[in-house]
Amino acid sequence: MTQASLAAATAAPAAAPVQAHKGRDQILLAIQERRYNDIDILWLEMTEDASAPAAVLIDLADLLVRHKQSERALMLLLMLAARLKETGRFGDLLDTARAAANLAPQNEEIAGHLNDALRGLLKTRSDVERFVSQVRISGADDLRKTISRLDDLLAWQPGEYVYHAEGWGVGRVREIDYSQERLVVDFKQKAGHAITIAMAKKILRRLEPESYKALLHDRPAEFKRLAQADPLHGLVLVLKDHGRLCQARQVRERFAEAGFSAEEWAAWWKTARKLATNDPLIEITDEVQPRLALRDKPLSRDDEDRKLFARHVTFQARLEEGVAILARARETKRALADAAFLTDYFGGRLANGSPAERVASHLFLTTLAEEQQGAAPAPAAAAPGDLAALLRDADAAEVLGELQGFPAFQRRLLDYLKRHDPDLWAETAANAFLTAGREIWDHLLRDLVAASRQAEAGEALRMIEADPLEHAEQFLWLARQHLDGKLKGVYAPRSDVTLLERVIRVLDDLALRREKRGKEKQTEALITAYRGFLGHKECKYVRQVCAGRGADDFMVIENALLGCHGISDNLEEMLFHIVPRTRVGPEEGAGRPADEEAVDYTSTFYVTQESITRKQKELDEIISVHLPKAEEAIGTAMGHGDISENAEYEAAIEHRRDLDRRKNELASELSRAQPIDFEAVTTGRAAVGATVTVRDDQGRELAYRLLGPWDADAPRGVISYKSPLGHAFLGLAAGETAQVALADGIRRFTVLRVSNGRQ
C-alpha cells in the first residue's frame, strides 16, 4: 500500500449509507425482527465471503449498537477482525479495529489487531517495529486517543505540498521522522526546516499537487503550459487560491509570478475573459478592472439576473437594475425566460407604491411588455393600467426627478404628456430643468422651443439663474448654452461679463464648500466641470466674453478670479493671459531691487527653491517612470481585442492623457517659476518673501509668511502672495491697514511689523 493509500486507510470513515450486498438485507431484517441468534450465523457467512466489503459489516455493527446490542456488535467485529488478519486485508483490519475501539477503548485484543494492521500496512519499511513501538498501542489507557495520535503521525506524506500562511509560504515535505514525531519541510526561504507533527497540524495547510500555489512553488512552467492550453482552468486555479473571489489585477499579478510577459498576459486574458463571461461557474463584472468570483454551482443567466435584482433594497436601485437586465437581454438577443421577479416587484409598486413609484413602475412594465412580445403575458397584478389615471395623483416634474438616470423613461413620459395634455407637458418640461438630470436638458429645451413655448423655458432658466449655487450643474449648462448661441429668444443674462463673473463665484463657493465639508463626490465633480468650462478649448468662453471689453469689465472678472479658491495655478495663469491686469502686479518688490523693471505677472511667478525642486522631481518621475508604465498599460490593453469596445484600453489612454497634461502643466509652470531672493527682502514694506505680523479686527496678533502658490500651508501661517489675503498685504508698511473680503465676510488687518520670511 502506498503512503497516500495508507493515509486514506487511517482516516476516520465518513458517514455513508449501508452498501448493498446479498447478505446485507438478511441481516437487516434479522436486526429489525430481533432475531439475534440468526444474526451471528449470517455474520459468519458474510465474513467467509471474500467479496463482502468490510465497510458493509462495520455499518451493520453500528446499526446493532443503535439497537442497544453493543456487546454483540463488539463480538462480531472481533470475529471479522480475525478473519481479515487471516486473509491479509490489513487496510480493512485497521478500519475494523478502529470501529471496535470505539466500543472497547481498553481491550487488548483490539490493540493486538491494531498492531497487526500497522505491521501489515508498513511491512516494506525497515523501521516498522520501531514505529509500532513508538505509537505505543499495547497497554494504552484509551485506544481512541491512541488512534487519533496514529492518525496525526500518518497524516503527512513525503513529497506532499504544504502552505504556511504566516510567512514561510509554500513548502514540500522532504521526510518524516516518526521517532522524533517531526517533519522536515523545504520552504523556498527556509529549506530543511524541522517542525513537530503536533505544530504542523496547527499551522500548516495541505495543498493539492495541482493547486496554483503548489505549481508555482517548483513547477511554474507547468502552470504556464496548463493555463495557456486551458485558460478557464488556469483562471479557476487562481480564483481558488484567492478564496474564490478576486479582481482582474490580482489575477494578472499571479500570472506575472508564473512568468507571463505583458504580451502573453494580454493574449491569455483576452481569451479567458471571453470564456469566463459565458461560463456558468464564473461571475465576472463589466468594470475596467473586473471582479471575478467562482460560484459553488452553475448559475443560469435568469438566476443571476434574479440574484442581482434581489440584492438591491431601494426602489431607485431596483429600477436601475431592472433596466440593466432588459438591456443585457436586448444586447444578447435573449428572451427573458423568467421575468416573474420583475413583474411581481414592479406590479406591487404599481399597486402600492408612492405616486412617483407607480408611474415609474408603469413605464418599466410597459417597456418589459414590449420586450416580451410573443412571450407569455405578464401576471394580471402587473398589468400597467392607465397612465393618465396615475398622473392625476402624481407631480409629473417630481416623477421626472425620480427617473434621473433613466432618460428613455423620462422622454417616454414627456412624449405621453405632450400628446395628451400640452399645457401640463409645457409646465412639467419647464420645471424638469430643476428636478431632472442633465441627460434630457437639451431634449427639453429643443422641444419647448419647437412648440413655441419659449416663455415657459425662459422662466425655468431664470429660476436657475436666481440661485446658481443651488442649481450649480444646471447653471453651468445654462452658461454654456447661452455662450454657444443656443438660447436666443429664450434667455439673456444682464451681461456676459456678469454671467462669467457668476460662474467664477460659483466655483469659489464650491471650493469653500469642499474646505468645510471635505471631499464629496458631487462637489468634486462640479469643481472639475466648472474648471473645464473656464479652460475649454484654450479658454474659448473667457476669450469670447473678454473680446472688446473695457477696464471696468476686466476689473470685475479680475476681482472674481483673484478671490476664487477653486482655480488651479495653471488655469489662473491661462486666464490672466486673457484678462488684462488692472492693478499693479504683486511682483513689484517681490524680493528684487525696487528700481528693477517689473516682470509681467502672466509670465513669471515666485516660489521657494524647495518647491521648485519638488515640482521638478514630480516632472522627472512622470517622464521617467509613470509615462513608460502608461505606455506599457496601453500595449497590454490593446491585446484585449477591438479597442472601440475595450474599456481597459480607454482607461489606459485617458490615464496617459492625464499624465501628458500634468507633464505639460508642470513644464510650463517651471519655465515661469523664479526662486524667491530672500537676501533682497527689506523690512520696510511687505513683499514676497516677507513675514507680515498683523492685528485683526478681533484684536488677535497673527503672523503670515508671504510665499508662492506652491508653498502655501495655512496651518503653518504660510499664504500665497496671489491669494486674496496675501495680495492685500503686498506693499503695506507698519501702521497701514488692509480690508479683505474673505469667506466669513469683510475683515480688517493692521500691519504691526514686516520682517524677512526666510526660515
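As a reminder, the structure under discussion sits directly above these lines.
Residues numbered from 1 in each chain as written. Predicted model: local features only at pLDDT ≥ 70, side-chain atom pairs only at ≥ 80, totals over all residues. Heavy atoms only, no water.

Pulling in residues and values, what's your account of the overall build of the protein?
Within the protein one finds 33 helices and 15 strands. Counting all 759 residues of the protein, 46% fall into the buried class. Of the contacts made within the protein by residues no fewer than 6 positions apart, 59% connect residues no fewer than 24 positions apart. By element, 50% of the accessible surface of the protein is carried by carbon and sulfur atoms, the whole surface being about 38200 Å². (Helix = DSSP H or I, 4+ residues; strand = E, 2+ residues; numbered from the N terminus. Buried < 20%, exposed > 50% of the residue type's maximum accessible area, 1.4 Å probe, protein only. Contact = heavy atoms within 4.5 Å. Areas by Shrake-Rupley, 256 points an atom, 1.4 Å probe, with all protein chains shown as cover.)

Run through the pattern of salt bridges, naming residues and quoting values.
With the rule as written, the count across this model stands at 38 salt bridges. Between R753 and E701 there is a salt bridge whose closest N-O contact spans 3.1 Å. Taken together, the residues span a long stretch of sequence, with R753 in strand β15 (residues 745–756) and E701 in strand β12 (residues 701–707) at a distance of 52 residues. Given a relative accessible area of 43%, R753 falls into the partly exposed group. A single salt-bridge network, built from bridges that share partners, covers R172, E210, D218, R219 and E222. (Salt bridge = Lys/Arg side-chain N within 4 Å of Asp/Glu carboxyl O.)

Which residues make up the environment of A525, and what are the values?
Counting through the fold element by element, A525 comes out in helix α28 (residues 521–546). On a C-alpha basis, the gap between A525 and E473 in space is 9.6 Å, while along the polypeptide they are 52 residues apart.

Let's hear about the packing of aromatic side chains: which residues, and what values?
Evaluated as defined, the whole model comprises 24 aromatic pairs. Grouping aromatic residues by their ring pairs yields a cluster made of F309, F315, F341, Y345, F346, F364, F406 and F409. Between the NZ or CZ atom of K213 and the centre of the ring of Y163, over which it lies, the distance is 4.7 Å. Across the ring face of F260, the terminal group of K224 is positioned such that the distance to the ring centre comes to 5.5 Å. (Phe/Tyr/Trp six-rings, centres within 6.5 Å; stacked < 30°, edge-to-face > 60°. Lys NZ or Arg CZ within 6 Å of the ring centre and 35° of its normal.)

Quick one: what's the story with the side chain of D711, residue by residue and with numbers?
Relative to the helices and strands, D711 resides in the loop between β12 and β13 (718–720). If near-sequence neighbours (up to four positions away) are discounted, D711 is found in contact with V607, T608, S611 and V718.

Run through the layout of surface pockets, naming residues and quoting values.
Each pocket or cavity is described by its volume, and for the second largest pocket that value is around 1000 Å³. Looking at the second largest pocket, it is lined by 31 residues, and the ones nearest its centre are E515, H565, A712, S723 and P724. The biggest single contributor to the lining of the second largest pocket is helix α27 (residues 496–517), with four residues. Grouping the constituent residues of the lining of the second largest pocket by class yields 17 nonpolar, five polar and nine charged. (1 Å grid on protein atoms, 1.4 Å probe; cavity = no way out; pocket = protein on both sides within 12 Å on 5 of 7 lines; lining within 4 Å. Points joined across faces, edges and corners; volume = space filled by probe spheres on them. Nonpolar A, V, L, I, M, F, W, Y, C, P; charged D, E, K, R; others polar.)

How would you summarise the side chain of T96 if you had to cite specific residues and measurements?
Locating T96 in the fold gives a position in helix α6 (residues 90–103). Non-local contacts of T96, meaning those with residues more than four positions away in its chain, are made with I58, L77, L80, A81 and L84.

Could you give an account of the sheet that holds strand β2 (residues 169–177), with specific residues and numbers?
Pairing is antiparallel across the open sheet formed by five strands, whose spatial order is β4-β3-β2-β1-β5. Each edge of the open sheet carries a strand with a single partner, namely β4 (193–196) and β5 (205–207). The average angle at which neighbouring strand axes cross in this sheet is 45°, direction not considered. Pairing between strand β1 (residues 161–164) and β5: three bridges, direction antiparallel. If you follow Y161 over to β5, its bridge partner there is L207. (Pairing = 2+ DSSP bridges. Axes fitted to C-alpha atoms, helices over the stretch in contact; angles between N-to-C directions.)

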